[in-house]
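Residues per chain, in single letters:
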Amino acid sequence: MDKPVSFACQRCLRPIVLDENFDTISEHAKAELMLPIYDGNVNTIDTQDTSSFDHFVPPYRLMDSINGTGFMLVSDRRDNKKWSAAFKLKAELFDFLSSNSEIDHPLCEECAESMLEIMDRELKVAEEEWSDYKNYLKKLEQQQKHPNLTELEKELNELKESEQKLLAELSALKDEENALNQSIEQEEKEKRELQEQEACYWREYTKHRRELMLTEDDKRSLECQIAYAEQQLEKLKDANIFNITFHIWHAGHFGTINNFRLGRLPSASVDWSEINAAWGQTVLLLCALARKIGLTFERYKIVPFGNHSYVEVLNENKELPLYGTGGFKFFWDTKFDAAMVAFLDCLTQFQQEVEKRDPEFLLPYKMEKGKVIDPSTGTSYSIKIQFNSEEQWTKALKFMLTNLKWGLAWVSSQFANQ
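Bear in mind that the values here come from a model prediction, so they are computed numbers and not experimental data. (Residues numbered from 1 in each chain as written. Predicted model: local features only at pLDDT ≥ 70, side-chain atom pairs only at ≥ 80, totals over all residues. Heavy atoms only, no water.)

Caption draft 1: Here's a closer look at the environment of Asn243. Here Asn243 lies in helix H6 (residues 241-245). Taking the relative accessible area as the measure of exposure, Asn243 reaches 40% and is therefore partly exposed. The spatial distance from the C-alpha of Asn243 to the C-alpha of Lys405 is 8.9 Å, given a sequence separation of 162 residues. (Helix = DSSP H or I, 4+ residues; strand = E, 2+ residues; numbered from the N terminus. Buried < 20%, exposed > 50% of the residue type's maximum accessible area, 1.4 Å probe, protein only.)

Structure follows, in structure tokens:
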């Protein structure tokens, strides 16, 4: 058994319930409803406002489903035999209404009210237009029924002359427009050329700017290098090559040259390799000082040869070693003692040469015949190993290095500007 059928609003597509009066429509009312609603010459409702009504949605029929509450869309006319007479009547009525108007039916109450508001607005606009046309018609009727042809012809001629003038002005303006267009094209061409030149300029500018920045970086780098080199040069100018090369100092009871100790003590047994290296540095320093002042030693020639330096006896044509080979007191080996005495003699010759050039210069310790004398106490210390104690021999070497340090300072002061 069919259940009641509900239709959908053709604007909002919501199901609607029809009024019960639709079930008892008379033939007279049906014929009136089938009359055309709008004449073909009358403006239709604005399509922008009525476009939402042009959606025909077939009616829904309540059918059995899994849960008993489903809707099934019935859109095929092949099922017309199953429809009731009342439903056919309603469907035909809505079809007639939709075909005779710009609005599809049926409509729900809200959509119908919205449509009525739209129609009221259009009716109001139409009434205003009708009023304007009516007033204009009255003005035309009040004018003369037979206008003055002479004045009209004169006015027409004036209008024609004005038209010719305007056409001439229009032609001149067109010519001017063409000239302006050509000028604009020329300007556009020049503009494009200038833009290309500008782009090329900026590329060149960027390139040169980068080169300038790199050059400035190089310049700053060179300036820093020059400043550093100048600082180093000033330091080198103030530096004394002798003081840097030959550092004479002391380490307790020992005199040192370039950190090599010269001497031996019972409490500090210095290795002979260190003593020989110290003698090598001492010989090298005295040779350098003598060469600097142009001094040639008499009777002896000292030869720097590292830790195996020696002294040549010129008249006897023999070599005296300035290095030890082991042990401390070898009574049968006097060459080492003779070499140290010869070296002290050469240092004395250097002292005499310096005092000739600078009478005010005096070494702190006197030297004579292989001995170093302390002027404060008058004690003399032999530079020989034999028949001597380790303490006195070490002190004699320390005083000798002190005299050599003073000689180094005098030479440095004399040749500081060279």
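So that's the structure; there's more coming.
Caption draft 2: Spotlight on the sheet that holds strand E9 (residues 310-313). Across the sheet, 3 strands lie side by side as E8-E9-E10; this open sheet has antiparallel pairing. Each end of this open sheet is capped by a strand with a single partner; those strands are strand E8 (300-303) and strand E10 (318-321). Strand-to-strand twist across the sheet, computed as the mean angle between neighbouring axes with direction ignored, equals 25°. Relative to E9, E8 runs antiparallel, the two sharing 4 bridges. Bridging across to E9, Lys301 finds its partner in Glu312. Strands in contact with helix H8 (residues 335-357) are E8, E9 and E10; relative to E10, the strand with the most contacts, it is inclined by about 95°. (Pairing = 2+ DSSP bridges. Axes fitted to C-alpha atoms, helices over the stretch in contact; angles between N-to-C directions. Contact = heavy atoms within 4.5 Å.)

Caption draft 3: Main features of the pairing of strand E12 (residues 371-374). In this structure, strand E11 (residues 366-368) lies alongside E12, joined through 3 bridges in antiparallel fashion. Within E12, the residue paired with Glu368 across the bridge is Lys371. Hairpin connection of E11 to E12: 2 residues between the antiparallel strands, including Lys369 at a positive phi of 50°. Between the end of E12 and the start of strand E13 (residues 379-382), which pair antiparallel, lie 4 residues, with Gly378 showing a positive phi angle near 80°.

Caption draft 4: The environment of Asn258, seen in detail. Mapped onto the secondary structure, Asn258 falls in the loop between strand E6 (254-257) and strand E7 (260-262). Along the sequence, Asn258 and Ile248 sit 10 residues apart, while their C-alpha atoms lie 6.4 Å from each other. Apart from residues lying up to four places away in sequence, Asn258 is in contact with Thr245, Phe246, His247 and Gln281. A polar side-chain atom of Asn258 sits 2.7 Å from a polar atom in the side chain of Gln281. (Polar contact = N/O pair within 3.5 Å; in protein donor to acceptor, adjacent residues only side chain to side chain.)

Caption draft 5: Fine view of the packing of aromatic side chains. Evaluated as defined, the whole model comprises 9 aromatic pairs. Between Tyr201 and Tyr205, the aromatic rings sit 6.2 Å apart at their centres with planes inclined by 25°, giving stacked as the arrangement. With a gap of 4 residues between them, Tyr201 and Tyr205 both fall in helix H5 (residues 149-238), about one helical turn apart. Each ring, one from Trp272 and one from Trp393, has its centre 6.4 Å from the other, and the planes form 40°; the classification is tilted. Linking Trp272 in helix H7 (residues 272-293) with Trp393 in helix H9 (residues 390-414), this pair joins segments that are 121 residues apart in sequence. Each member of the pair Trp272 and Trp393 is classed as buried. Sitting over the face of the ring of Phe254, Arg261 holds its NZ or CZ atom 5.6 Å from the ring centroid. (Phe/Tyr/Trp six-rings, centres within 6.5 Å; stacked < 30°, edge-to-face > 60°. Lys NZ or Arg CZ within 6 Å of the ring centre and 35° of its normal.)

Caption draft 6: Structural detail: the sheet that holds E13. The 3 strands lie next to each other as E11-E12-E13, forming an open sheet whose pairing is antiparallel. A single partner strand is all that each edge strand has here, and the edge strands are E11 and E13. Direction aside, neighbouring strands of the sheet carry axes that sit 30° apart on average. Here E12 runs beside E13; their pairing, made up of 4 bridges, is antiparallel. Residue pairing for E13: Val372 is matched across the bridge by Tyr381. Sheet strands in contact with H8 are E11 and E12, and its direction is about 125° off that of E11. Across the face of the sheet, H9 comes into contact with E11, E12 and E13 while running at roughly 100° to E13.

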